[in-house]
Amino acid sequence: MVTLEDVAQQAGVSLATASRVLNGSTRQVGASLRAKVELAAAQLGYRTNVAAQTLARGAGNVIGLVVHDLTDPYFAALADGAMRVADSQGLVVMVGTTRRDPEREISYVSALNAQRVRAVLLAGSRTADPHVTRRLREELDRYRETGGRVACVGQDLLGADTVVPGNREGAAALARALTGLGHRRFAVLAGPAGLITARDRAAGFAGVLAGLGLPAPQIVHGSFDRDGGYAAAAEVSGATCVFAVNDVMAVGALAAFRDRGIRVPHDISVAGFDDIVTLRDLVPALSTVRLPLADMGARALELALDAAEEIRAESVAGEVVLRESTRGPA
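Residue positions are counted from 1 within each chain, in the order its sequence is given. Given that the model is predicted, a residue must reach a pLDDT of at least 70 before its local features are reported, and side-chain atom pairs must reach 80 or more before they are shown or counted; all residues, however, enter totals for whole chains, interfaces and linings. To obtain the side-chain values, all non-hydrogen atoms of the structure were included, while hydrogens and water were left out.

Notes on the overall build of the protein
Moving on, step 1. Under the scheme used here, helices are H or I runs from DSSP no shorter than 4 residues and strands are E runs no shorter than 2 residues, and both carry numbers assigned from the N terminus. Helices and strands together make up the secondary structure of the protein, namely twelve helices and twelve strands.
Moving on, step 2. Structurally, the protein occupies a C-alpha span of about 75 × 40 × 30 Å along its principal axes.
Moving on, step 3. A total of 330 residues make up the protein; the buried ones form 52% of that total.
Moving on, step 4. Just so you have it, the protein exposes about 14,100 Å², and 52% of that area is on carbon and sulfur atoms. Remark: exposure states derive from per-residue accessible area (1.4 Å probe, protein chains only) relative to the maximum for the residue type, with buried under 20%, exposed over 50%, and partly exposed in between. Note on areas: Shrake-Rupley, 1.4 Å probe, and residue coverage restricted to the protein chains presented here.

As for the pattern of salt bridges
Moving on, step 1. What counts as a salt bridge is simple: a side-chain nitrogen of Lys or Arg found within 4 Å of a carboxyl oxygen of Asp or Glu. A complete count under the given rule lists 19 salt bridges for this structure.
Moving on, step 2. Here Arg-135 makes a salt bridge to Glu-103, at a shortest N to O gap of 2.7 Å. Of the two residues, Arg-135 sits in helix H7 (residues 130-145) while Glu-103 sits in helix H6 (residues 102-115), which places them 32 residues apart along the sequence.
Moving on, step 3. You can call Arg-135 partly exposed: its relative accessible area is 24%.
Moving on, step 4. Among the residues examined, Glu-103 registers a relative accessible area of 36% and is labelled partly exposed.
Moving on, step 5. Note that Arg-280 is salt-bridged to Asp-275, the shortest N-O span being 2.9 Å.
Moving on, step 6. Overall, Arg-280 belongs to the partly exposed group, its relative accessible area being 36%.
Moving on, step 7. Overall, Asp-275 belongs to the buried group, its relative accessible area being 3%.
Moving on, step 8. Salt bridges sharing common partners tie together Asp-275, Arg-280, Arg-290, Glu-319 and Arg-323.

Considerations on the side chain of Gln-155
Moving on, step 1. Along the chain, Gln-155 turns up in the loop between strand E4 (149-153) and strand E5 (161-165).
Moving on, step 2. Contacts: residue pairs with any heavy atoms within 4.5 Å of one another. Contact partners of Gln-155, with chain neighbours within four places excluded, come to Ser-125, Arg-126, Thr-162, Asn-167, Ile-196, Thr-197 and Asp-200.

Observations concerning the packing of aromatic side chains
Moving on, step 1. Only centres within 6.5 Å qualify two rings of Phe, Tyr or Trp (six-membered ring in Trp) as a pair; their planes then separate them into stacked at under 30 degrees, edge-to-face at over 60, and tilted for everything else. On inspection of all chains with the given rule, the structure shows three aromatic pairs.
Moving on, step 2. Seen in terms of ring centroids, Tyr-74 and Phe-75 are 5.0 Å apart; in terms of plane orientation they differ by 80°. Their pairing is edge-to-face.
Moving on, step 3. Ring centres 4.6 Å apart and planes at 20° place the aromatic pair Phe-205 and Phe-243 in the stacked group. Here Phe-205 is found in helix H9 (residues 196-211), whereas its partner Phe-243 is found in strand E8 (residues 241-244), with 38 residues between them in sequence.

Some thoughts on the packing of helix H10 (residues 226-233) against helix H11 (residues 247-259)
Moving on, step 1. For the pair H10 and H11, interaxial distance at closest approach is 6 Å and the crossing angle is 45°. Between H10 and H11, the angle falls in the class oblique. Viewed along their axes, H10 and H11 form a crossing whose handedness is right-handed. Side by side, H10 and H11 meet where Arg-226, Gly-228, Gly-229, Tyr-230 and Ala-233 of the first sit next to Val-248, Met-249, Val-251, Gly-252, Ala-253, Ala-255, Ala-256, Phe-257 and Asp-259 of the second.
Moving on, step 2. The residue classification treats Ala, Val, Leu, Ile, Met, Phe, Trp, Tyr, Cys and Pro as nonpolar and Asp, Glu, Lys and Arg as charged. All others, Gly included, are polar. Looking at side-chain class alone, the contact of H10 with H11 contains nine nonpolar, three polar and two charged residues. What counts as an axis is a line fitted to C-alpha atoms, over the stretch in contact for a helix, and the angles between N-to-C directions run from 0 to 180 degrees. Any angle that is under 35 degrees is reported as roughly parallel, and any over 145 degrees as roughly antiparallel; angles of 65 to 115 degrees are reported as roughly perpendicular and all others as oblique. Each helix crossing is assigned a hand: it is left-handed if the near helix lies turned anticlockwise from the far helix by less than a right angle, otherwise right-handed if that turn is clockwise.

Comments concerning the sheet that holds strand E3 (residues 119-123)
Moving on, step 1. Two strands are counted as paired when DSSP detects at least two bridges linking them. Within the open sheet, the six strands sit side by side as E2-E1-E3-E4-E5-E11. Their pairing is parallel. Single-partner strands in this sheet number two, and they are strand E2 (92-97) and strand E11 (313-316). Direction aside, neighbouring strands of the sheet carry axes that sit 15° apart on average.
Moving on, step 2. In terms of strand pairing, strand E1 (residues 62-67) meets E2 through six bridges, oriented parallel.

So, the nonpolar core
Here is a general trend for soluble globular proteins: nonpolar side chains tend to be buried in one another's company.
Moving on, step 1. We call a set of buried residues a nonpolar core when its members are Ala, Val, Leu, Ile, Met, Phe, Trp, Tyr or Cys and they connect through side-chain atoms within 4.5 Å of each other. Grouped together as the largest cluster of nonpolar side chains are 72 residues, with contacts concentrated most on Tyr-74, Leu-189, Phe-205, Met-296 and Leu-301.
Moving on, step 2. For this core, the element with the highest residue contribution is helix H12 (residues 293-305), accounting for eight residues.
Moving on, step 3. When near neighbours in sequence (up to four residues on either side) are disregarded, Leu-301 contacts Ile-63, Ala-82, Val-85, Ala-86 and Leu-121.
Moving on, step 4. Counting residues in each nonpolar core, the second largest holds 14 residues, with Leu-122, Leu-140, Cys-152 and Ala-160 among its members.

Re the sheet that holds strand E7 (residues 218-221)
Moving on, step 1. Judged by pairing direction, the sheet is parallel, and its four strands sit side by side in the order E7-E6-E8-E9 without closing on themselves. The outermost strands of the open sheet, each flanked by one partner alone, are E7 and strand E9 (269-271). Recorded for the sheet is a direction-independent mean angle of 20° between the axes of neighbouring strands.
Moving on, step 2. Pairing analysis gives three bridges linking E8 to E9, with the strands arranged parallel. Following the sheet pairing, Cys-241 is matched in E9 by Ser-269.

Quick look at the pairing of E5
Moving on, step 1. Burial within E5 is extensive, with four of its five residues counted as buried.
Moving on, step 2. As defined by bridge partners, E4 adjoins E5 across three bridges and the pair is classed as parallel. Its bridge partner lying in E5, Cys-152 is registered against Thr-162.
Moving on, step 3. Where E5 lies against E11, four bridges are found, and the strand directions are parallel. When the sheet's bridge partners are listed, Val-164 is paired in E11 with Ser-315.

Here you go:
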């Protein structure tokens with residue numbers, strides 16, 4: 001059976017270009033490229049997929065949004081931004097949560113392809129396992145072969161339009177701010193070792209300390225949630241400041257220190273990452289790195305729906321926000 005990929009190779013064009021010519025996409029393709037694709041299809045005897053043409057012409061009004069954890073305010077904020085864009089264009093958003101299981105993410109993409117949704121938006125970190133990433137990318141390629149559109153919030157590893165959070169850079173800026181307060185002994189609640197977001201944030205933070213000639217931080221791995229932060233904080237020793245690689249882990253750390261009679265920030269400082277809106281009334285107020293989460297979700301969906309042919313990766317910088325949970329060591 002001749003596939004769309006065979007046609008693309010014969011014509012010497014990308015899979016996306018071949019799809020736009022043969023599956024009825026509204027995206028424009030130049031006359032010379034169109035002629036190459038049509039000739040290759042005729043030579044190989046490729047037959048178009050009627051269902052795919054229906055999808056490519058935008059007959060569907062459903063967007064598939066796949067996130068890691070809807071109970072995490074980070075993903076709720078991303079989803080809210082995407083839904084605002086969808087509402088403005090009369091689209092319906094169908095949300096699936098993977099519970100941080102890469103296999104579930106791949107299964108969701110396959111199911112959304114079968115449902116012929118108009119676009120798929122993936123929000124969340126990639127895993128450090130290249131085999132899993134390759135399989136997800138292949139599943140997305142199958143969806144795009146039918147004219148579907150894809151965008152991501154996370155690392156630029158899937159060959160799709162991507163909004164890329166400045167994880168390493170934001171953590172580095174936070175490290176500089178905290179050392180500026182006088183801290184020299186740190187612990188990092190580093191999340192799962194195989195999660196690229198967690199790894200990049202921990203590495204960006206530790207890199208600044210090394211550059212300043214300071215001791216390496218104590219690294220404690222754990223789950224990327226409140227309970228993971230609580231458990232990891234119990235292992236901290238000798239630090240004057242703790243950096244949790246996301247805000248919900250920082251909340252768990254604050255609870256752990258409170259239960260142990262350790263006062264924040266009098267006895268130890270705590271900082272997080274993301275600046276989740278629902279946590280801004282926390283006492284003490286949490287120092288963190290602010291990401292414009294709702295705007296990131298909105299922009300990702302805009303990229304998925306845009307008719308531009310090239311694949312884009314747009315970086316989003318984080319902003320350090322120092323609040324009451326951090327101060328100079330006693």
